[in-house]
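Listed below are the residues making up each chain.
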Amino acid sequence: MRQEQCNKPFSISKHTVYDAWKEVKENKGSAGIDAVSIKDYAQNLSKNLYKLWNRMSSGTYFPEAVKLVEIPKKTGGKRPLGIPTVVDRIAQTVVVMHITERLDKEFHNDSYAYRAGRNAIAAIATARERCWRYDWVLDMDISKFFDTIDHHLLMRAVKTHITERWILLYIERWLKVPYLTVQSERVERTMGVPQGSVIGPVLANLFMHYVFDKWMQIHYPQIPFERYADDTICHCRTKKEAENLKIIITKRLEACKLKLNEEKTRMVYCKDSLRKENHAEIAFDFLGYTFRPRKAKNHKTGKFFTGFLPAVSQKSKKHIHETIRKWQLNSKKDFIELDTQMEASVRGWLNYYGKFYPSSLNATLQALNYAIVRWAVRRYKRFKGSIKRAWQWLIRRWKNNPKLFFHWCRGITPAYFKLKPVQIRRAV
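Residues numbered from 1 in each chain as written. Predicted model: local features only at pLDDT ≥ 70, side-chain atom pairs only at ≥ 80, totals over all residues. Heavy atoms only, no water.

Please explain the pairing of strand β10 (residues 289-297) as it appears in this structure.
The side chains of a regular strand alternate, first on one face of the sheet and then on the other. As defined by bridge partners, strand β9 (residues 284-286) adjoins β10 across three bridges and the pair is classed as antiparallel. Considered in β10, the bridge of phenylalanine 286 is made with tyrosine 289. Where β9 folds back onto β10 in an antiparallel hairpin, the turn is made up of two residues, including leucine 287, whose phi is positive at roughly 55°. Bridging between β10 and strand β11 (residues 304-312) involves nine bridges; their strand directions are antiparallel. Bridge pairing links tyrosine 289 to valine 312 in β11. Count of turn residues in the β10/β11 antiparallel hairpin: six residues, of which glycine 302 carries a positive phi of about 80°. (Pairing = 2+ DSSP bridges. Helix = DSSP H or I, 4+ residues; strand = E, 2+ residues; numbered from the N terminus.)

Printed below as a string of C-alpha cells:
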C-alpha cells in the first residue's frame, strides 16, 4: 500500500478517507443526483472507498453535479439547497479535515458559525451583554450571500492559507460544478458556494473573515460585532455612528461583490429602563431570538425593571407550531410512540430557545400538550367531544409518570394553566 501511495502525484491517507466516510455516515443525509444513498454506498464499502482514494490521489477525481432542491425558509419564501452525492461529501470531508484546524486559528473571536467550541448560543449571550453596554445595534442582512460569493476573491483567500495542490484543485472543481434541478435542468455556476455542501461553510467563513471580520478589526476595532455566517450585528454608541457604519460597510461589501439588503438592514435602539430616548426601531431578530425591551427582575433587590433582552422570536414560535401540525399525531400511535416522535425536536427547542427568557416558550410548548389531548380525543371513545375530560386524563397521566415527555421534565406540564384551553387551541 505504501509503494502504491508513493506512485500517486498526491499523498492522501487511506485512513483519512475512511474517517471521512464515518463522519458522512454519522451526519446522514439524502442521496445526490446518482440516487446512491449512504446505505447503498456501504454495501461495497471497501471497493468504493478505494476507488475514491485512488481518484483523489491521482488527480482524476471530478465531482458530479449537485442536486438542487428548494426548502421553505422560516421567514417565508424558499432557500436553494445543494445536495452533493455521497462520494462527493466524503471527498469534501477529506479536505475539510485537512484545512479546518489551520483556518480556525486565523478566524476572529466573534465569528461563531461552523467552529468547534463556538455556537449560536454563545453569539446570542455575547450580543445580550453588549446590548447592555452599547445603545445602538446595526442589524445587517447580506442579499443572497451564499449564492453570490465571488470565486476569484474566494480562491485568493484560500491560497493565502492553503498550499497543497490537490486541495486547491478540488476546491476549484467544487466551486464550478453545476446544479441539476429536480426537472433535470442543468444550471452552470460562476459564483457562490452551495448551501448543503460539506466544504461550503468553511469557505464561506473564510470569505467573510477577509471581507468583514479582519477589515473591521483593522479599521474599526472600537466597534464590536457578532457574526454567524452572514448573520451579523454591530454595536454602536450613537445613532450617528450606526448610520455612518452602514454607509461604509455598504461600500466595503460592494467592493467585494456583495450587496447589503437595504430593506432588512436596520438600526435599532436598545431601549431599557435607563435609556430615555424614544425611537421607532427598538427590536431586532438574531439567530431565532428577538431582542427587545422586556420586563425583568433584579434578584438582589427584588425590584422589576425593563431590560433589553433576547427571547424566542415569533418566527421561531410559528415554525415550532407548524412542526407540531406536521407530526399529525394520529390515533394509531400509543403513548410511547408519541414520546419517540416528539422527544428529539422538543429537546432541541428547549435546549436552544430555553436558554434566554425561557418563560416566553411556555405557551408554545403548552400547545404541544393540547396536541396530545387532541390525540387522546381521537384515540379513546370516552373522550369524544370533550376536550376537558381528555385534559384531566392527561393531568392524571402526568402525575403518575411526570418524566414521560421531555417538556414535562422542564415544567411544561398539562397542569400549567397560565393559558386558557381556548387560547392554546388558537395557538396550535
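Looking at this structure, I do not really get helix α5 (residues 86-104). What am I missing?
Residues separated by three or four positions in an α-helix point in the same direction, a consequence of the helix having 3.6 residues per turn. Taking 1.5 Å of rise per residue, the 19 residues of α5 would be expected to cover 27 Å, and the 26 Å separating its terminal C-alpha atoms lies within 8% of that figure. At histidine 98, α5 is bent by approximately 35°, the largest bend along its length. (Expected span 1.5 Å × (residues − 1). Bend = angle between axes of the 7 residues up to and from the residue.)

Mind showing me how you'd approach the sheet that holds β9 here?
Across a sheet, paired strands are connected by hydrogen bonds in the backbone, their directions being either parallel or antiparallel. Here three strands make up an open sheet; going across it, the order is β9-β10-β11 and the pairing antiparallel. Unpaired on one side and paired on the other, β9 and β11 mark the two borders of the sheet. Geometrically, the sheet is characterised by an average inter-axis angle of 50° between neighbouring strands, direction not taken into account. (Axes fitted to C-alpha atoms, helices over the stretch in contact; angles between N-to-C directions.)

I tried to follow the nonpolar core on my own but got confused; where do I start?
Within soluble globular proteins, side chains that are nonpolar generally end up buried alongside one another. Among the nonpolar cores identified, the biggest contains 70 residues, and Ile90 and Cys234 are the most heavily contacted of them. The element that contributes the greatest number of residues to this core is helix α10 (residues 200-219), accounting for ten residues. (Core = buried A, V, L, I, M, F, W, Y, C linked by side-chain atoms within 4.5 Å. Buried < 20%, exposed > 50% of the residue type's maximum accessible area, 1.4 Å probe, protein only.)

Please clarify how the pattern of salt bridges should be interpreted in this entry.
Note on pairing: side chains with opposite charge can pair once their charged atoms come close. A full pass over the atoms with the stated rule returns 14 salt bridges. Ionic pairing is found between arginine 115 and aspartate 104, a salt bridge with its closest N-O pair at 2.7 Å. Of the two residues, arginine 115 sits in the loop between α5 and α6 (120-133) while aspartate 104 sits in helix α5, which places them eleven residues apart along the sequence. On the basis of relative accessible area, aspartate 104 is assigned to the partly exposed category, the value being 26%. Residue arginine 275 is joined to aspartate 272 by a salt bridge in which the shortest nitrogen-to-oxygen separation is 3.4 Å. (Salt bridge = Lys/Arg side-chain N within 4 Å of Asp/Glu carboxyl O.)

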